[in-house]
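What follows is the residue order along each chain.
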Amino acid sequence: SNFEFKEYFSKSIFMKLIDNTFSKQNVKFDKRFYEIMLDNLKKLIDKKLIKSYVIYNNNKICFFGIYSTINTHSTLLFTGRSEDVDNKNYSGAFFFFNKFIDLKKNNIKTIDLEGINSPKRGFYKLGFGGKVKSYYNIKNY
């Protein structure tokens, strides 16, 4: 009942929550890489090809996510969670639920949640339903 879902983009929020997320997973955070990426994300937001959303809990941002929105297809690009919340506050589930409604209202027909090959993320994302579709990377040797 204390959650609020809003469309919003902030470079500082992105950097903080990605860093928090990586820290929880013991993954090295390459700050310079993400600073460069943020410039490109901003350009895509300005062209209305991606959207950024945040979840507020008691007026504090605790979760963010960025989706592409190209034609009738959407792909989850990034999510991040504040170090101030744990898995039991349901901000992520609240985010996905509201995002699915928002995407449907905007004529999105398919949503790719990306990353279900990760054991820690796969089970969670598959809980929202849908189908698993394989796709492959082609490398030239």
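Located above this text is the structure these notes cover.
Note that the coordinates shown come from a computational prediction; the quantities given were computed from them, not determined experimentally.

Would you explain the side chain of Asn57 in this entry?
Take Asn57: it is sitting in strand S2 (residues 50–57). Owing to a relative accessible area of 19%, Asn57 belongs among the buried residues under this scheme. Non-local contacts of Asn57, meaning those with residues more than four positions away in its chain, are made with Asn2, Phe3, Cys62 and Asn89.

Would you mind showing me how to read the pattern of salt bridges here?
Pairs may arise between side chains of opposite charge once their charged atoms sit close together. Going through the model one piece at a time under the given rule, you end up with five salt bridges. The salt bridge partner of Lys42 is Asp46, with a shortest N-O separation of 2.8 Å. Residue Lys42 and its partner Asp46 are both found in helix H2 (residues 31–46); the two are separated by four residues, about one turn of the helix. Accessibility expressed as a relative area gives 33% for Lys42, which makes it partly exposed.

I would appreciate a short explanation of the packing of aromatic side chains in the present structure.
Two numbers describe a pair of aromatic rings. These are the distance of the centres and the angle of the planes. According to the stated counting rule, one finds 15 aromatic pairs in the structure shown. Through pairs of rings, three or more aromatic residues link up here, namely Phe5, Tyr53, Phe63, Tyr67, Phe95, Phe96 and Phe100.

Teacher, can you tell me more about the sheet that holds strand S1 (residues 3–7) here?
The strands making up a sheet are joined through hydrogen bonds of the backbone, oriented either antiparallel or parallel. Across the sheet, which stays open at both edges, the five strands sit in the order S1-S2-S3-S4-S5 with mixed pairing between neighbours. Looking along the sheet, the strands with just one partner apiece sit at the ends: S1 and strand S5 (110–112). Across this sheet, the average inter-strand angle for adjacent strands is 25°, counted without regard to direction. With respect to the sheet, helix H1 (residues 11–24) is in contact with strand S3 (60–68) and strand S4 (73–81), its orientation differing from that of S4 by roughly 75°. Lying on the sheet, helix H3 (residues 91–105) is in contact with S1, S2, S3, S4 and S5; it crosses S3 at an angle near 40°.

I keep staring at the pairing of S3 and nothing clicks. Help me out?
A regular strand carries its side chains on alternate faces of the sheet. Most of S3 is tucked away, with seven of its nine residues classed as buried. In the sheet, S2 pairs with S3 via eight bridges, with the strands oriented antiparallel. Within the sheet, the bridge partner assigned to Asn57 lies in S3 and is Lys60. As consecutive antiparallel partners, S2 and S3 are separated by two residues, and within that stretch Asn58 has a phi angle of approximately 55°, a positive value. In terms of strand pairing, S3 meets S4 through five bridges, oriented antiparallel. When the sheet's bridge partners are listed, Ile66 is paired in S4 with Phe78. Taken together, S3 and the strand that follows it, S4, pair antiparallel across an intervening segment of four residues, in which Asn71 is found at a positive phi of about 55°.

Definitions and limits used
- Residues numbered from 1 in each chain as written.
- Predicted model: local features only at pLDDT ≥ 70, side-chain atom pairs only at ≥ 80, totals over all residues.
- Heavy atoms only, no water.
- Helix = DSSP H or I, 4+ residues; strand = E, 2+ residues; numbered from the N terminus.
- Buried < 20%, exposed > 50% of the residue type's maximum accessible area, 1.4 Å probe, protein only.
- Contact = heavy atoms within 4.5 Å.
- Salt bridge = Lys/Arg side-chain N within 4 Å of Asp/Glu carboxyl O.
- Phe/Tyr/Trp six-rings, centres within 6.5 Å; stacked < 30°, edge-to-face > 60°.
- Pairing = 2+ DSSP bridges.
- Axes fitted to C-alpha atoms, helices over the stretch in contact; angles between N-to-C directions.

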